[in-house]
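Summary of structural features
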Amino acid sequence: IEDFVEGKHNPDLKIVIDGKEKCDKVFREIICKGDTVKVGMVDTRRYRRGSEKDNYVCIKVIRSDNKHPEYTTDALLLKDWLVDLSDPNKEIILQMDFSGTRIHFKT
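Taking every second residue as pointing to the same face, the buried face of strand β7 (residues 92-97) carries Ile 92, Leu 94 and Met 96, while none of Ile 93, Gln 95 and Asp 97 on the other face is buried. As paired strands, strand β4 (residues 42-47) and β7 are joined by six bridges and run antiparallel to one another. Counterpart to Val 42 in the pairing with β7 is Asp 97.

The following block contains the structure:
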């Protein structure tokens, strides 16, 4: 979810959270189709609650066959987690480690 930008985002994906317009289902690339991944690469992302009312964050790992997908509606869900974030000051740090034959996730 990110701030909704008129003319950039699909209006069908506009949502309102805490009175602010957001765009749902935005695809955030880690690696693009066709890119080479160096052994030992680690990607780190930080997550916080999306709304004051949320007590969790949903982290999704998604794959797309498109070179630069815009939205997760054009992709395949591989894995998702619900992570407790009932403490408003807490954040989740997710590391994706590409050093082996499988991708390892650590929070």
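This brings us to the nonpolar core. Membership of the largest hydrophobic core is limited to eight residues, which are Val 57, Ile 59, Val 83, Leu 85, Ile 92, Leu 94, Met 96 and Phe 98. Only β5 (56-63) and β7 provide two or more residues apiece to this core. For this core, the element with the highest residue contribution is β7, accounting for three residues. Grouped together as the second largest cluster of nonpolar side chains are five residues, Leu 13, Cys 23, Val 26 and Tyr 71 included.

Positive phi, normally seen in glycine, also occurs at Asp 18, with a value near 50 degrees. Position of Asp 18 relative to the elements: it lies in the loop between β2 (14-17) and β3 (20-23). The backbone of Lys 25 shows a phi angle near 70 degrees, a positive value even though the residue is not glycine. Counting through the fold element by element, Lys 25 comes out in the loop between β3 and β4. Looking at Lys 25, the relative accessible area reads 36%, which means it is partly exposed.

The next thing to look at is the confidence of the model for the protein. Taken residue by residue, the protein gives an average pLDDT of 81. The fraction at 70 or more is 92%. The spread of mean pLDDT over the elements of the protein runs between strand β8 (residues 104-106), the lowest at 58, and β3, the highest at 90.

Here the focus is the sheet that holds β2. In spatial order, the strands read β1-β3-β2; together these three strands make up an open sheet with antiparallel pairing. Each edge of the sheet is formed by a strand with only one pairing partner; in this case those strands are β1 (2-3) and β2. Strand direction decides the pairing type here: β1 and β3, joined by two bridges, are antiparallel. If you follow Asp 3 over to β3, its bridge partner there is Lys 22.

Criteria and cut-off values
- Along every chain, residues carry numbers that run from 1 in the direction the sequence is written.
- Given that this is a predicted model, residues contribute local features only at a pLDDT of at least 70 and side-chain atom pairs are listed and counted only at 80 or more, while totals for whole chains, interfaces and linings are drawn from all residues.
- Processing note: side-chain calculations cover all non-hydrogen atoms of the structure and skip hydrogens and water entirely.
- For every residue, the accessible area obtained with a 1.4 Å probe (protein chains only) is divided by the maximum for its type, and the residue is called buried under 20%, exposed over 50%, and partly exposed between those limits.
- Going along the chain from the N terminus, every DSSP run of H or I of four or more residues is numbered as a helix, and every run of E of two or more is numbered as a strand.
- Any two strands with at least two DSSP bridges between them are considered paired.
- Definition used in this section: a nonpolar core is a set of buried Ala, Val, Leu, Ile, Met, Phe, Trp, Tyr and Cys residues joined via side-chain atoms within 4.5 Å.
- A score from 0 to 100, pLDDT tells how confident the predictor is in each residue.

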